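Examination of the molecular architecture
Here's the letter readout for the chains.
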Amino acid sequence: MKQRQRAKIAAIVALALPLALTSCGTRLPHSAVVAAADGGAAPSSNSGGTTAGGVTTPGASTSAPGVTTPSSSAPTTGTSIVPGSGESPGKTTGGSGAGTPAGQQTQAAGTSHTCAKQGSPIVYGQVGTFSGIIGGSIGSAVDGLKIWAAATNAVGGIACHPVVVDSIDDGGDNGSAQSGVEQLVQDDHAVAINAFTPITTAGIEPYIDQHRVPVVGGDLLSSAWYTDKNFFPQGGPLQAVLYAISRYAVLQGGTKYSFFYCIEASPCTQGENMLTKQGIAAKAGLHAVGDQPISLAGSNFTQQCATAKSKGANVIFIGAGVSAVNAIGRDCASQNYHPIYLALSLGVTNSQQSDPNLQGLAIGSVQFPWMATGTPALTAYHDALARYAPTLDDSGGAAAGWTSGELFERAILNLGSAAYGNITSADVIKGLAMIHNNNLGGLVGGHLNFHANAPATLDSCVFVAVISKDKWAPAQGGRAICEP
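Anyway, here's the lowdown on the structure attached to this text. (Residues numbered from 1 in each chain as written. Predicted model: local features only at pLDDT ≥ 70, side-chain atom pairs only at ≥ 80, totals over all residues. Heavy atoms only, no water.)

1. Describing the environment of Leu358
Counting through the fold element by element, Leu358 comes out in the loop between β14 (340–344) and β15 (362–365). Of the residues examined, Leu358 reaches a relative accessible area of 0% and is grouped as buried. For the pair formed by Leu358 and Val325, sequence separation is 33 residues and the distance between their alpha carbons is 8.4 Å. Among all residues touching Leu358, those that are not within four sequence positions of it are Val325, Asn326, Gly329, Tyr341, Gln352 and Ile467. (Helix = DSSP H or I, 4+ residues; strand = E, 2+ residues; numbered from the N terminus. Buried < 20%, exposed > 50% of the residue type's maximum accessible area, 1.4 Å probe, protein only. Contact = heavy atoms within 4.5 Å.)

2. Structural notes on the side chain of Gln126
For Gln126, the position within the fold is in strand β5 (residues 122–128). Only 3.2 Å separates the side chain of Gln126 from the backbone oxygen of Ala141, close enough to count as a polar contact. Excluding residues that lie within four positions of it along the chain, Gln126 makes contacts with Ala141, Val142, Leu145, Asp166, Ser167, Ile168, Leu184, Asn194 and Phe196. (Polar contact = N/O pair within 3.5 Å; in protein donor to acceptor, adjacent residues only side chain to side chain.)

3. Thoughts on helix α11 (residues 322–333)
Its 12 residues place the ends of α11 17 Å apart at the C-alpha level, agreeing with the 16 Å of an ideal helix rising 1.5 Å per residue. Burial analysis of α11 places nine of its 12 residues in the buried class, the great majority of the element. Burial in α11 covers these residues: Val322, Ala324, Val325, Ala327, Ile328, Gly329, Asp331, Cys332 and Ala333. (Expected span 1.5 Å × (residues − 1).)

4. Re the pairing of strand β8 (residues 215–218)
If a strand is regular, its side chains alternate between the two faces of the sheet. Bridge count between strand β7 (residues 192–196) and β8: two bridges; the pairing is parallel. Along β8, the bridge assignment pairs Ala195 with Gly218. In terms of handedness, the path from β7 via helix α5 (residues 201–211) over to β8 forms a crossover that is right-handed. Two strands pair when backbone bridges link them, and β8 and strand β9 (residues 231–232) are joined in this way by two bridges, in the parallel orientation. Following the sheet pairing, Val215 is matched in β9 by Phe231. (Pairing = 2+ DSSP bridges. Right-handed = clockwise from strand over helix to strand, strands pointing away.)

Below is the structure:
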């Protein structure tokens, strides 16, 4: 089995902050929590104070420049769009820190509870292909989930329980993915799994089904997310993403497309099948002129660009990772060819916004575009990112990790007073099955609907974001595009 890289938020040491603690259930703005953590005034509210604490800064990339959140404004063009709506999430703010001090109060699902002592830790296991070529695109999901855990623990954890995130890299190997999940559940006592396994879902699904451990959030690229009752996605399927970005391209004048799809990962070939053979692009108004297989490890795509240009394609779908997106933009530009580029949010990062060859690149994302602002839930994410990983090259992977954590928390808080006892996998499934027509405070493009003994109900709404004038920004005024 390949060597596994593990990252753990475990023993969390509280900062010595002069805070008056009376009610950990109050969810205050991140800005107040961060100000206190950085030596500012203690946060307060009409219903009591909260707690802030310290954690070891989550393992984030330090090679990328600090992220500056771009404006969320973007020109709105006519389309069939559905504004975000739905139930507010259990936590709209966050921070970092230790569990709830004795005597402090916390809140779950509308109930108030006094914590006589800190509850036992809740372990949320994460497995995925976080290294190699694929890891270059989805590796930031580790950072996103760890930042979420830090933020959650800052305000007392979940129902007095500190959260522990344990991440294992499967290296793209099914056997390593399977043994990783076994370790997380049997040795680390994880009550749920977060899975970024675009090519290794087959390695974890049998164990998940046998032991009835819920998979809460992840990459959402395999069919298991919508056919297996133990998988709980934080958004819609690949087909909805492909429709949304196809429709966006049409609104920008796109007419003909070519799909450059990777040959190494099954989601790439599945996407090509959905887009072209099943007619999703045609449904949105685009016409195929010939798809082209590429390699994730490829470094030169001059021939593919020339072929697409000769066939009149003014739209190129890129079913590949960050490095391939960059190279395709470069090689097409070298031929004075500047089509509309479309990709998935897991295949791009914030730093690409300054690439002159990628201006106009649009992505589809089932959860919020990482640069979006303007709501309490989005403020929570950006404040936590600034506090715990200010140099992270923000991306769709980080946003997916964060949203997965919010979904996991909502499930536990749905248990009401039972959330303060020992939490099991069955409890998490019970809480998840109570989620109906919920968009986690706008973090999700459409609405989540789960069931205890049936697969998730498909969600068809997807956010679109675009690089415009050297900045990523949400498209369509921040509203989701929904597949009819």
